[in-house]
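# Secondary and tertiary structure notes
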Amino acid sequence: MANHKSSVKRIRQEVKRRLHNRYYAKTMRNAVRKLRATTDKAEATAMYPSVQKMLDKLAKVNIIHKNKAANLKSKLAVYINKLG
């Protein structure tokens with residue numbers, strides 16, 4: 001158990017922040033999964049901007065690394081272009 005009031009508060013904040021970050025990271029992974037499962041090019045093209053926006057926002061606040069966001073966006077764009 002923590003000895004200082006400030007460390008007790010810090011623990012509370014970390015728990016709250018971790019749950020918040022996990023929620024948004026999981027939501028992002030599900031969105032990417034859903035886009036990859038799509039076989040219709042028009043539907044995938046319509047979904048792509050929202051997924052891209054989500055990846056950029058999460059990279060901006062360091063929930064995911066900026067290079068990971070860039071790699072995912074690139075791979076998703078390649079996937080969409082291959083759809084026929």
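Notes on the structure follow. Being a predicted model, the structure only gives us computed values, none of them experimental.

What follows covers the layout of surface pockets. In this structure, the largest pocket encloses a volume near 160 Å³. H20, Y24, T27, K53, M54, K57, L58, V61 and I63 are the residues that line the largest pocket. Of all the secondary structure elements, the ones that give two or more residues to the lining of the largest pocket are α1 (5–37) and α2 (41–60). A total of four residues in the lining of the largest pocket trace back to one element, the largest contributor, which is α2. For the lining of the largest pocket, the per-class residue count stands at five nonpolar, two polar and two charged.

In this model, α2 (20 residues) spans 28 Å end to end at C-alpha, consistent with the 28 Å of a helix rising 1.5 Å per residue. Helix geometry: α2 is bent most strongly at Y48, by close to 30°, with proline P49 lying one to four residues after it. Inspection of α2 places A44, M47, Y48, V51, L55, L58 and A59 among the buried residues, and these make up the whole buried set. Against the buried residues of α2 lie α1 and α3 (66–82). Count one or two residues on from α2 and you reach N62, which has phi positive near 60°.

Calculation notes
Every chain is numbered independently, its residues counted from 1 as its sequence is written. Totals for whole chains, interfaces and linings use all residues, but because this is a predicted model, local features are given only for residues with pLDDT of at least 70 and pairs of side-chain atoms are given and counted only at 80 or more. Note that water and hydrogens are dropped before the side-chain values are worked out from all heavy atoms of the structure. Points on a 1 Å grid over protein atoms alone make up a cavity when a 1.4 Å probe fits among them but cannot get out, and a pocket when they form an open set with protein on both sides within 12 Å along at least five of seven lines; lining residues each have an atom within 4 Å of a point. Grid points are joined across faces, edges and corners, and a volume is the space filled by probe spheres set on the points. Numbering goes from the N terminus for both helices and strands, where a helix is a DSSP run of H or I of at least four residues and a strand is a run of E of at least two. Each residue gets one of three labels, nonpolar for Ala, Val, Leu, Ile, Met, Phe, Trp, Tyr, Cys and Pro, charged for Asp, Glu, Lys and Arg, and polar for the others, Gly among them. Helix span, as expected, comes to 1.5 Å for every residue beyond the first. Here the bend at a residue means the angle between the axes of two seven-residue stretches, the one that ends at it and the one that starts at it. Note on exposure labels: buried denotes an accessible area under 20% of the residue type's maximum, exposed denotes more than 50%, and partly exposed covers the range between, all computed with a 1.4 Å probe on protein chains only. Any two residues having at least one pair of non-hydrogen atoms within 4.5 Å are treated as being in contact.

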